[in-house]
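Below, each chain spelled out in residue letters.
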Amino acid sequence: SRSSIILVNTTTMIHELSEKGFQNLELWTRGIDRNIFKPRTNEALSNSLDPTRKKKIILYVGRVSKEKNIEVFCDLSDKIDNYRFVIVGDGPIREKLEKKYNKILFTGYKFGKELAEYYSVADSTVFPSLNDTFGITIIESMACGTPVAAFPVNGPIDIIDLGVSGFFHEDIEVAIKKSLNCKEESVLESSHKFNWESCADIFINSIDKVS
């Protein structure tokens, strides 16, 4: 039996840790509450975000802070007129960003069913971070049928099925445009592998290996 097992959340992290000499690495996936995060309709919310119903709703969910690389997302609001940019979350630079980017709707934190409704009415969720090790908001969005646009870094490249559940690209604007071509059914199907049952099975099997 092994003396120990290190549970790691993505294959990219496994490769990086292996190169640094770590051994006995096991992939440990993540899950979400699918009773909450599933496709939901809310016409009133859709109308409030874009009364014209002509713009694509582009969403960011998470902490509003510098380390999330959020200003890359915000800068697009001054560049693209046919998108409606929405930020769900709060953080230390929210007030600064609200003053600088007046075309973006800042909603503050949302939770549970209400958060799932925001994901569901969005056309794409943007994950601009360059240094998160996973990105739970990615699978929350996918479980609501909404594709994700991101940079090709650890986390997104391990979670997003390119062209199926979203898109990653060095140019986030390209990633958004490509993600909009993803079909809701394909996004949902791609999200099913992220579930608590798999998480529990991996954890229990890891205990058995070292016992």
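Above this note sits the structure.
(A) How the structure looks around a nonpolar patch on the surface. There is a patch of nonpolar side chains on the surface, built from Phe203, Ile204 and Ile207 and spanning about 270 Å² of accessible area. Mapped onto the fold, Phe203 is located in helix H10 (residues 196-210). Residue classification places Phe203 among the partly exposed residues on the basis of a relative accessible area of 40%.

(B) The sheet that holds strand E7 (residues 148-150), seen in detail. Ordered in space as E5-E4-E3-E6-E7-E8, the six strands form an open sheet in which the pairing is parallel. At either margin of the open sheet sits one strand with a lone partner, and together these are strand E5 (105-108) and strand E8 (166-168). Geometrically, the sheet is characterised by an average inter-axis angle of 20° between neighbouring strands, direction not taken into account. Sheet topology note: the strand E4 (residues 83-88)/E5 ladder contains three bridges and is parallel. Note that in E5 the partner of Val86 across the bridge is Leu105. Here helix H5 (residues 112-121) sits on the sheet in contact with strand E3 (56-61), E4, E5 and strand E6 (124-127), set at roughly 140° to E3. Lying over the sheet, helix H8 (residues 172-179) contacts E3, E4, E6, E7 and E8, oriented at roughly 160° with respect to E7.

(C) The arrangement of the pattern of salt bridges in detail. Taken as a whole and judged by the stated rule, the model has 14 salt bridges. Note that Asp132 and Lys68 form a salt bridge whose closest N and O atoms lie 3.0 Å from each other. Of this pair, Asp132 sits in the loop between E6 and helix H6 (136-143) while Lys68 is found in the loop between E3 and helix H3 (70-75), placing the two residues 64 residues apart along the sequence. One exposure class covers both Asp132 and Lys68, and it is buried. A salt bridge links Glu173 to Lys79, with the nearest nitrogen and oxygen atoms 2.7 Å apart. You can see Glu173 sitting in helix H8 and its partner Lys79 sitting in the loop between H3 and E4, a full 94 residues away along the chain. On the basis of relative accessible area, Glu173 is assigned to the buried category, the value being 13%.

Definitions and limits used
- Residues numbered from 1 in each chain as written.
- Predicted model: local features only at pLDDT ≥ 70, side-chain atom pairs only at ≥ 80, totals over all residues.
- Heavy atoms only, no water.
- Patch = residues over 30% accessible without salt bridge, like charges linked within 9 Å, V, L, I, M, F, W, Y side chains within 5 Å.
- Areas by Shrake-Rupley, 256 points an atom, 1.4 Å probe, with all protein chains shown as cover.
- Salt bridge = Lys/Arg side-chain N within 4 Å of Asp/Glu carboxyl O.
- Helix = DSSP H or I, 4+ residues; strand = E, 2+ residues; numbered from the N terminus.
- Buried < 20%, exposed > 50% of the residue type's maximum accessible area, 1.4 Å probe, protein only.
- Pairing = 2+ DSSP bridges.
- Axes fitted to C-alpha atoms, helices over the stretch in contact; angles between N-to-C directions.
- Contact = heavy atoms within 4.5 Å.

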